[in-house]
Amino acid sequence: MVDVTASKVLLALGANLPDGSIAPAQTLRAAIAELTALGIGITRLSRFYETPCFPAGAGPDYINAAAVVRPPKEMDPAGLLAVLHQIEAAHGRQRISRWAGRTLDIDLVAWGDAVAPDVETQTHWRDLPATDQARLAPDRLVLPHPRLQDRAFVLVPLAEVAPDWRHPILGRTVAEMLTDLPEKDREDVRVLLG
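Before going into details, it helps to say that this report is about the structure given with it. (Residues numbered from 1 in each chain as written. Predicted model: local features only at pLDDT ≥ 70, side-chain atom pairs only at ≥ 80, totals over all residues. Heavy atoms only, no water.)

### Description of helix α2 (residues 77-90)
Stage number 1. Taking 1.5 Å per residue as the helical rise, α2 with its 14 residues ought to reach 20 Å, and the 20 Å between its terminal C-alpha atoms agrees with that figure.
Stage number 2. Buried within α2 are the following residues: Pro-77, Leu-80, Leu-81, Val-83, Leu-84, Ile-87 and Glu-88. Looking straight down α2, one finds that the buried residues subtend no more than 160° of arc, so they occupy a single side. Of the exposed residues in α2, those oriented more than 90 degrees away from the buried face are Ala-78, Gln-86 and Ala-90.
Stage number 3. Looking at the packing, one finds that the buried side of α2 touches β1 (9-15), α1 (24-37) and β5 (105-111). (Helix = DSSP H or I, 4+ residues; strand = E, 2+ residues; numbered from the N terminus. Expected span 1.5 Å × (residues − 1). Buried < 20%, exposed > 50% of the residue type's maximum accessible area, 1.4 Å probe, protein only. Arc of directions from axis to C-beta. Contact = heavy atoms within 4.5 Å.)

### A few points about the pairing of strand β4 (residues 62-70)
Stage number 1. The element β4 is largely enclosed, with a buried count of eight among its nine residues.
Stage number 2. With seven bridges joining them, β1 and β4 adopt antiparallel strand pairing. Paired with Gly-14 across the strands is Asn-64, a residue of β4.
Stage number 3. Where strand β2 (residues 41-45) and β4 come together, four bridges link them in antiparallel fashion. Bridging from a neighbouring strand, Gly-41 pairs with Arg-70 of β4.
Stage number 4. As defined by bridge partners, strand β3 (residues 49-51) adjoins β4 across three bridges and the pair is classed as antiparallel. Note that in β4 the partner of Glu-50 across the bridge is Ile-63. (Pairing = 2+ DSSP bridges.)

### Focus on helix α5 (residues 152-161)
Stage number 1. Taking burial as the measure, the 10 residues of α5 include seven buried ones, the bulk of the element.
Stage number 2. Those residues of α5 not exposed but buried are Ala-152, Val-154, Leu-155, Val-156, Pro-157, Leu-158 and Val-161.

### Overview of the pattern of salt bridges
Stage number 1. What the rule picks out here adds up to 10 salt bridges.
Stage number 2. Note that Arg-126 and Asp-127 form a salt bridge whose closest N and O atoms lie 4.0 Å from each other.
Stage number 3. The buried category is assigned to Arg-126, whose relative accessible area is 11%.
Stage number 4. One salt-bridge network, in which partners are shared between bridges, spans Glu-50, Asp-61 and Arg-190. (Salt bridge = Lys/Arg side-chain N within 4 Å of Asp/Glu carboxyl O.)

These results come straight from atomic positions and should not be treated as a statement about function.
Right under this line is the structure:
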């Protein structure tokens, strides 16, 4: 059972392709405004960061950010995910291939200390070999996001807004998981200037 009153609902936002004539940073700003308009309170928002495209060479650099949000009381994780997908689609997001460039990507990273659908499934996706990560995607919401501990482009912005959030399975805080990453990965995530 997921606690729908979780105090730290964490989102990761990113874009690396224009939405028509709208640059990625503008798309992130618009998505944040849309979340608020839909009753999803933004309690903390990171600065915007420029990060190398992942995987390397697959497209232009990304603009990334993170937010702590407070969904309406009646909204559960599946409901929030549906809203995130609607906002992505409104900005031209197409799910053609895994890890393709995106006009907008909003990931539900964590819902408090919830593990969904269960520890075994979350662990399976978290421990998936890199070759399988590139071609397979879960058919349901997995919380916490199975790749969050591996990605500086998620952890650097998250460390700004929720450094003390603790992974319910790994037992590591955002700040600790970020420190666990190679220094080069952390340095590649740069505050967006201007």
